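Summary of the model geometry
One-letter residues, chain by chain:
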Amino acid sequence: MRLKIINVKVSGIIALICILFICLSIYPDAQAQTNISFSPQDQFNIPTYNGSVSFAVNGSYSQATLENDSWTFQNLSMNRSTALNNFLVSAQNCNITIFSYAASNTTQTLRLRYAVTGAGKQIFYFGQIPGVQNSINWYVVNTINGKTIFLTPGVDWTISRNGTVVVNAATGNFSVVRFNTFNTISLNSNLPFYEQHSAAIATSAVVAIVLVLAVGITLRNRTYLTEKKAETNVSAIIKTSSLKDSEKT
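Here's a quick rundown of the structure. The structure displayed is predicted, hence computed values, not measured ones.

What counts, and at which threshold
- Residues numbered from 1 in each chain as written.
- Predicted model: local features only at pLDDT ≥ 70, side-chain atom pairs only at ≥ 80, totals over all residues.
- Heavy atoms only, no water.
- Helix = DSSP H or I, 4+ residues; strand = E, 2+ residues; numbered from the N terminus.
- Buried < 20%, exposed > 50% of the residue type's maximum accessible area, 1.4 Å probe, protein only.
- Contact = heavy atoms within 4.5 Å.
- Areas by Shrake-Rupley, 256 points an atom, 1.4 Å probe, with all protein chains shown as cover.
- Pairing = 2+ DSSP bridges.
- Axes fitted to C-alpha atoms, helices over the stretch in contact; angles between N-to-C directions.
- Core = buried A, V, L, I, M, F, W, Y, C linked by side-chain atoms within 4.5 Å.
- Phe/Tyr/Trp six-rings, centres within 6.5 Å; stacked < 30°, edge-to-face > 60°.
- Polar contact = N/O pair within 3.5 Å; in protein donor to acceptor, adjacent residues only side chain to side chain.

What follows is about the overall build of the protein chain. When helices and strands are counted, the protein chain shows four helices and 15 strands. When each of the 249 residues of the protein chain is scored for burial, the buried share is 28%. The contacts of the protein chain with a sequence gap of at least 6 include a subset with a gap of at least 24, amounting to 50%. As displayed, the protein chain offers around 16700 Å² of accessible surface, 60% of which is attributable to carbon and sulfur atoms.

Listed below in structure tokens is the structure:
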């Protein structure tokens, strides 16, 4: 009996070890994925360029490395912002404070908001973004006293073929913005129709489903009310007939 209990325990331990081994083999990076937190008090200095990068909110990242005078963040996450898997930033003769980042894979849009002190240069790379990289899809704006000023591409800022944005701007609040314009759709015209218009198709499908359900509910309610009215009329006739019969008797 004791031997049987021992065998059951050993079998359970072996099964548990096998499950752990399988999980680790399927998700090899899960055990090494540890996030490092940061706060607005933390600064990421770039000594050679006399610049620094900081964040206006709390957040975390899995890895941050200073290489070629640029900070590269892996799995960057800021409070109330979209996560960035691969983000490169550099500041030359200025200090950058990043406020927020928002992006959508469906519409291929993004927006980075930041402030600059010191008339220097800022460099940003957001990772691989679908579509052609050109100034038609990108904007850099400066906000002064609530007014938005669009900076001149090729003069105030540039973008390389791999999507690296370089801003030559003065002190103030700035935004780097990417929109998916009609030009992008025409440039990607070789894609299948459903890929070019996936967002529109999805929206149309949802609207169609809502309309069908609304029509179905309306018809069902109308049928129910008609049947209810008919039942009421029949009950009234039966009741009237019963009263007349009772009066006769």
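There's more to say after this.
Adjacent strands of a sheet form backbone hydrogen bonds with each other and so pair up, either parallel or antiparallel. Pairing is mixed across the open sheet formed by seven strands, whose spatial order is 2-3-8-9-15-11-12. The open sheet has two edge strands with one neighbour each: strand 2 (44–46) and strand 12 (147–150). Within this sheet the neighbouring strands show an average axis-to-axis angle of 25 degrees, counted without direction. Across seven bridges, the pairing between strand 9 (residues 109–117) and strand 15 (residues 172–178) is antiparallel. From the neighbouring strand, Val116 faces strand 15, where its bridge partner is Gly172.

Attention now moves to the nonpolar core. Formed by 34 residues in total, the largest nonpolar core has its most connected members in Phe87, Tyr114, Phe124, Phe126, Val167 and Val176. Here Phe124 is in contact with Phe87, Leu88, Val89, Ile96, Leu112, Tyr114, Gly163, Thr164, Val165, Val167 and Val176, once residues within four sequence places are set aside.

Here the focus is the packing of aromatic side chains. Working definition: an aromatic ring pair is given by the centre-to-centre distance plus the angle between the planes. The full count for this structure, using the stated rule, is 18 aromatic pairs. For the ring pair Tyr61 and Phe73, a centre distance of 5.6 Å and an interplane angle of 70 degrees mean the geometry is edge-to-face. Linking Tyr61 in strand 4 (residues 59–61) with Phe73 in strand 6 (residues 70–78), this pair joins segments that are 12 residues apart in sequence. A single burial state applies to Tyr61 and to Phe73, both of which are buried. With 4.9 Å between their ring centres and 55 degrees between their planes, Tyr114 and Phe124 make a pair best called tilted. With a gap of 10 residues between them, Tyr114 in strand 9 and Phe124 in strand 10 (residues 121–125) connect regions that are remote in the sequence. Among the residues examined, Tyr114 registers a relative accessible area of 0% and is labelled buried. Members of the aromatic cluster, each reached through a chain of ring pairs, are Phe87, Tyr101, Tyr114, Phe124, Phe126, Trp138 and Phe174.

So, on to the pairing of strand 5 (residues 63–67). Direction of pairing for strand 5 relative to strand 6: antiparallel, over a ladder of five bridges. The partner of Ala64 across the bridge, within strand 6, is Phe73. With antiparallel pairing between neighbouring strands as the criterion, strand 5 and strand 6 make up a hairpin whose turn holds two residues, including Asn68 at a positive phi of roughly 55 degrees.

All right, on to the side chain of Ser81 then. You can see Ser81 is positioned in the loop between strand 6 and strand 7 (84–92). From its side chain, Ser81 meets the backbone nitrogen of Tyr101 in a polar contact 3.2 Å long. Every residue in contact with Ser81, bar those within four places of it in the chain, is listed here: Ser100 and Tyr101.

What follows deals with the pairing of strand 12. Across four bridges, strand 11 (residues 138–144) lies against strand 12 in antiparallel orientation. Paired with Ile144 across the strands is Lys147, a residue of strand 12. The hairpin turn running from strand 11 into strand 12, its antiparallel successor, is two residues long, and Asn145 in that turn takes a positive phi close to 55 degrees.

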